[in-house]
Amino acid sequence: MDWETDRSLQLRMLATLGLIAVLPLAFMTTLSGALNRLVFPLLAEGREPAPQISVDPTVVVGLTVLGIGLAALAGDRVALSATNARTVSADERPELHGRLSRLAATAGMEPPQVAVIRSDAPNAFATGGVGTESTVAVTTGLLKELDEEQLDAVLAHELAHLRNKDATVMSIAYLLPTLTYLVSKVAFTTLRLVGHASRGRSSRRNGKAILVVLATAVVTLTVSAVFWLASNVLFRLLSQYREYAADRGAAAITGQPLALADALATIDEEMRILPDRDLRELDGGVEALYISSIDVPMFTDEDSLVGSLASQELFPASHPPTADRIDRLQDLAGDIER
């Protein structure tokens, strides 16, 4: 099976980068407008004019460009650090280095660095910044659970991500979801703290201050949630498609799509029985980069209505269904056989 350039993936990556450049300005403009119209008039108390804030587009665009640049240059190192992945030498893991070097030669690319994550969860991801050396990270659980052909298939899948350049784009694309998620968490935490602090306080002055803080937090949380949803939909639709593309790339490199299908089935089965704590430790904020989904909620306060409404289950999955991926790989195997 020959390697084919996926034009649809390239178009999706370009569209994602374009929208990521535009959405931060739209987010800040919408948030400032909502605060000016809904919250700050509360401070005026009948006096005119009410306090106002404005957004300088030049500053927002400049910060966006800076953020994209930092994500492109350092996103790979952030991902490795967040998952406690340790780069290993050929002396430490000669067999793993040998496998990657052989598969990279087959794919016509330079072998990446190798990193290992100490975790029982079988998983792997690839990352690479602009002008930095690419890395394939695997967990100790993956090395333990897969046989040789399955491991080759997973490593080829990660090499396909690097050859498609989508690993770098994903690091950049995660910029806005991360930003809006952090803003939402701050607003959500503020609501809880103000709610606790307001108990037993009934003075007019305290009540006014609490009302303004609550209104600001609610508006910020609402606007952030809307843009978080939009950016996650965008980000995860790219994430889903790139997994299909990397599956096809792995089949082209190894010539054994069924080995990857078997690996995905094994990984999925093992991931289902692991406790959420182990999965959350493995996540590190780069859940969409892994070959298999880490299905844990972003908010852990199960008794909170806000937390449940803002849970991860409302967003598109970061990965396509494993059964669908296996079906496509089986179809590829049939095509190769014919």
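Residues numbered from 1 in each chain as written. Predicted model: local features only at pLDDT ≥ 70, side-chain atom pairs only at ≥ 80, totals over all residues. Heavy atoms only, no water.

Undergrad: Got a sec to walk through helix α4 (residues 94-107)? Specific residues and values, please.
TA: The end-to-end C-alpha distance of α4 is 20 Å, a good match for the 20 Å that 14 residues give at a rise of 1.5 Å each. Among all positions of α4, only Leu96, His97, Arg99, Leu100, Leu103, Ala104 and Ala107 are buried. Seen along its axis, α4 keeps its buried residues to an arc of 160 degrees; they face one direction. Exposed residues on α4 whose side chains face more than 90 degrees from its buried face are Pro94, Glu95, Ala105 and Thr106. (Helix = DSSP H or I, 4+ residues; strand = E, 2+ residues; numbered from the N terminus. Expected span 1.5 Å × (residues − 1). Buried < 20%, exposed > 50% of the residue type's maximum accessible area, 1.4 Å probe, protein only. Arc of directions from axis to C-beta.)

Undergrad: Provide a residue-level description of the environment of Leu234, including the pertinent values.
TA: As for its placement among the helices and strands, Leu234 is situated in helix α9 (residues 204-254). As a C-alpha pair, Leu234 and Leu19 span 215 residues in sequence and 8.6 Å in three-dimensional space.

Undergrad: Outline the pattern of salt bridges, listing residues and values.
TA: In total, this model carries 12 salt bridges according to the counting rule given. Here Asp166 ties to Arg242 by a salt bridge, and the two come within 2.4 Å at their closest N and O atoms. You can see Asp166 sitting in helix α7 (residues 166-173) and its partner Arg242 sitting in helix α9, a full 76 residues away along the chain. Judged on exposure class, the residue Asp166 and its partner Arg242 are both buried. In this structure, Arg325 engages Asp247 in a salt bridge whose closest nitrogen and oxygen atoms are separated by 2.9 Å. Of this pair, Arg325 sits in helix α13 (residues 322-337) while Asp247 is found in helix α9, placing the two residues 78 residues apart along the sequence. The exposure class assigned to Arg325 is buried, which follows from its relative accessible area of 2%. (Salt bridge = Lys/Arg side-chain N within 4 Å of Asp/Glu carboxyl O.)

Undergrad: I'd like a description of the pairing of strand β2 (residues 113-117), backed by residues and values.
TA: Note on strand geometry: in a regular strand, side chains alternate between the two faces of the sheet. Taken across its 5 residues, β2 has 4 buried, putting it largely inside the fold. Here strand β1 (residues 86-88) pairs with β2 via 3 bridges, running antiparallel. The partner of Val88 across the bridge, within β2, is Val114. (Pairing = 2+ DSSP bridges.)

Undergrad: Can you tell me about the confidence of the model for the chain, naming the residues and giving the values?
TA: Per-residue confidence for the chain gives a mean pLDDT of 81, with 80% of residues at or over 70. The low-confidence segment residues 298-313 (pLDDT under 50) makes 25 contacts with residues lying over four places distant or belonging to another chain. (pLDDT = per-residue confidence, 0-100. Contact = heavy atoms within 4.5 Å.)

Undergrad: I'd like a description of the side chain of Asp6, backed by residues and values.
TA: In this structure, Asp6 sits in the segment before α1 (7-39). At 2.3 Å, the side chain of Asp6 and the side chain of Arg248 are in polar contact. Setting aside anything within four residues of it in sequence, one finds Asp6 in contact with Tyr241, Ala245 and Arg248. (Polar contact = N/O pair within 3.5 Å; in protein donor to acceptor, adjacent residues only side chain to side chain.)

Undergrad: Describe the side chain of Arg99, naming the residues involved and giving the relevant values.
TA: Summarising the element assignment, Arg99 is placed in helix α4. Given a relative accessible area of 7%, Arg99 falls into the buried group. Of the polar contacts made by the side chain of Arg99, one reaches the backbone oxygen of Glu148; its length is 3.4 Å. Leaving out residues up to four positions away in the same chain, Arg99 has contacts with Glu148, Leu151, Asp152 and Leu155.

Undergrad: Talk me through the pairing of strand β4 (residues 135-139); I want residue IDs and the actual numbers.
TA: With respect to burial, β4 is a largely interior element, 5 of its 5 residues being buried. Residue alternation in β4 divides its side chains into two sets, Thr135, Ala137 and Thr139 and Val136 and Val138, and both sets are buried. When strand β3 (residues 124-127) meets β4, the two strands line up antiparallel, connected through 4 bridges. Within the sheet, the bridge partner assigned to Phe125 lies in β4 and is Ala137.

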